Amino acid sequence: MVIIMLGAQGTGKGTIAGIISEQTNFPQISTGDIFRKNISEKTELGVEAEQYIAKGELVPDEITVPMVVNRLNQEDAKNGAILDGFPRTTAQAEKLDEILTNLGKKVDLVINLSTPKEELIDRMLTRRVCSNQDCKTTYNIKLNPPKVEGICDKCGAELKQREDDSNAEAINRRLEIYEQQTSPLVEYYDKKGVLRTETVSTSINRMGKDVAEDIVKDIKNSSIKGDEI
Ligand code: AMP
């Protein structure tokens, strides 16, 4: 079963993908996380990608697409995956359809998260991420704080703010790119009949974990039919 997380930055795609992944064993494939790991390890791919990420720009497809193909071909993704952060443009979505067809798969479910813009900016500014690249647990100092300030509950490593979350210019650029280039994917997947839109907002007291729980329940009840679950 292939699931795509769609939604602007700060809607909680990563948190929700993480919960679904734990419950279903489909790996969470986050392009942003793969880039950040490569940046911290100073690999060639990381050095190349960093210049775009720091400014809030998209990393070019020549770098991003082969990285996703490579990840989808790994053994743990054999039965499916949760794509978090890819595709982000119609061109990437078309490319993904091609890649999945070659693997004998298709997009089964697109979870489209919607959150009011004022909340998004606040969530990005208050997001903290575990600096241990093998853990990467995400917190929010207002909505989901760690037990001890600045320390990851799960592994004890230091929590950090993402560079592109601390920079107002990068935040605005990312939201602008989302509106212009990523939001057309809502219609793209709606037409394919695989879109499920969920509002995540403190104003209706519906948070990411509520959405994740409902989706996991539906997957397990097979109301969303996966071949392998
Ligand atoms: P994220 O963690 O998903 O917010 O991604 C962080 C940054 O990584 C983005 O702002 C982009 O610079 C880059 N990035 C992540 N996914 C993609 C993608 N599918 N295409 C291009 N750039 C990406």
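Residues numbered from 1 in each chain as written. Predicted model: local features only at pLDDT ≥ 70, side-chain atom pairs only at ≥ 80, totals over all residues. Heavy atoms only, no water.

With respect to the overall build of the protein
Put simply, the rule reads: The helix and strand labels rest on DSSP assignments: H or I over at least four residues marks a helix, E over at least two residues marks a strand, and numbering proceeds from the N terminus. Note on method: radius of gyration uses C-alpha positions; expected globular size equals 2.2 Å times residues raised to 0.38. Under the scheme applied here, a residue whose accessible area is under 20% of the maximum for its type counts as buried, over 50% as exposed, and between as partly exposed, the area being computed with a 1.4 Å probe on protein chains only. In this description, contact between two residues means that some pair of their heavy atoms is separated by no more than 4.5 Å. Residue-level accessible areas treat just the shown protein chains as cover; the underlying method is Shrake-Rupley with a 1.4 Å probe. The charge count treats Lys and Arg as positive and Asp and Glu as negative. His and the chain ends do not count. Taken as the charge location is NZ of Lys, CZ of Arg, CG of Asp or CD of Glu.
Scanning the protein from N- to C-terminus turns up nine helices and eight strands. Here the C-alpha radius of gyration of the protein, 17 Å, is about what a compact globule of 229 residues would show, namely 17 Å. Viewed in the frame of its principal axes, the protein has a C-alpha envelope of about 45 × 40 × 35 Å. By the burial criterion, 47% of the 229 residues in the protein qualify as buried. In the protein, of all internal contacts separated by at least 6 residues, the share reaching a separation of at least 24 is 70%. Carbon and sulfur atoms form 47% of the exposed surface of the protein, whose accessible area is close to 11,600 Å². Across the protein, the centroid of the 31 positively charged side chains sits 3 Å from that of the 38 negatively charged ones.

Considerations on the packing of aromatic side chains
To keep it simple, the criterion reads: Aromatic rings from Phe, Tyr and Trp, with only the six-membered ring used for Trp, were paired whenever their centres fell within 6.5 Å, and each pair was classed as stacked if the ring planes differed by under 30 degrees, edge-to-face if by over 60, and tilted otherwise.
Following the criterion strictly, the structure yields one aromatic pair and no others. Ring centres of Y188 and Y189 lie 5.0 Å apart, and the angle between their planes is 85°; this geometry places the pair in the edge-to-face category. When its relative accessible area of 18% is taken as the criterion, Y188 is described as buried. When its relative accessible area of 0% is taken as the criterion, Y189 is described as buried.

Looking at empty space enclosed by the protein
Put simply, the rule is: In this analysis the probe radius is 1.4 Å and the grid spacing 1 Å, with only protein atoms considered; a cavity is a set of points the probe fits into but cannot get out of, a pocket is an open set with protein on both sides within 12 Å along at least five of seven lines, and lining residues have an atom within 4 Å of a point. Grid points are joined across faces, edges and corners, and a volume is the space filled by probe spheres set on the points.
For the structure on display, the rule yields two cavities of 30 Å³ or more. As a volume, the largest cavity reaches approximately 70 Å³. Every residue lining the largest cavity is listed: M5, L6, G7, Q9, K13, G85, F86, P87, R88, Y178 and T182. Those elements giving two or more residues to the lining of the largest cavity turn out to be β1 (2-7) and α7 (168-182). If one sorts the elements of the lining of the largest cavity by residue count, β1 sits on top with three residues.

Here's the deal with the sheet that holds strand β6 (residues 138-140)
Cut-off, in case you're wondering: Pairing between strands is defined by DSSP: at least two bridges between the two strands are required.
Taking strand neighbours across the sheet as the criterion, the three strands line up as β6-β5-β7 in an open arrangement whose pairing is antiparallel. Strand pairing shows two members of the sheet lacking a second neighbour, β6 and β7 (159-160), which therefore form its edges. Where strand β5 (residues 127-130) and β6 come together, three bridges link them in antiparallel fashion. The partner of R128 across the bridge, within β6, is Y139.

Concerning the site of the ligand
The test is simple: Whether a residue is near a molecule or strand is decided by its heavy atoms; if any one of them lies within 4 Å of it, the residue is near. Here a polar contact means two N or O atoms within 3.5 Å. Within protein one must be a hydrogen donor candidate and the other an acceptor candidate, and residues neighboring in sequence count only if both atoms are side-chain atoms. Only Asp, Glu, Lys and Arg are considered charged in this grouping, and only Ala, Val, Leu, Ile, Met, Phe, Trp, Tyr, Cys and Pro are considered nonpolar; every other residue, Gly among them, is considered polar.
Lining the immediate surroundings of the ligand are 16 residues, of which T31, R36, E57, G85 and R88 lie closest. Interatomic distance of 2.9 Å between a side-chain N/O atom of R36 and an oxygen atom of the ligand. A distance of 2.9 Å separates a nitrogen atom of the ligand from a polar backbone atom of G85. Alone, the ligand offers 480 Å² of accessible surface; in the complex the protein occludes 96% of this. At four residues, helix α2 (residues 31-40) tops the list of elements feeding residues into the shell around the ligand. Classifying every residue of the shell around the ligand by side-chain character gives five nonpolar, five polar and six charged.

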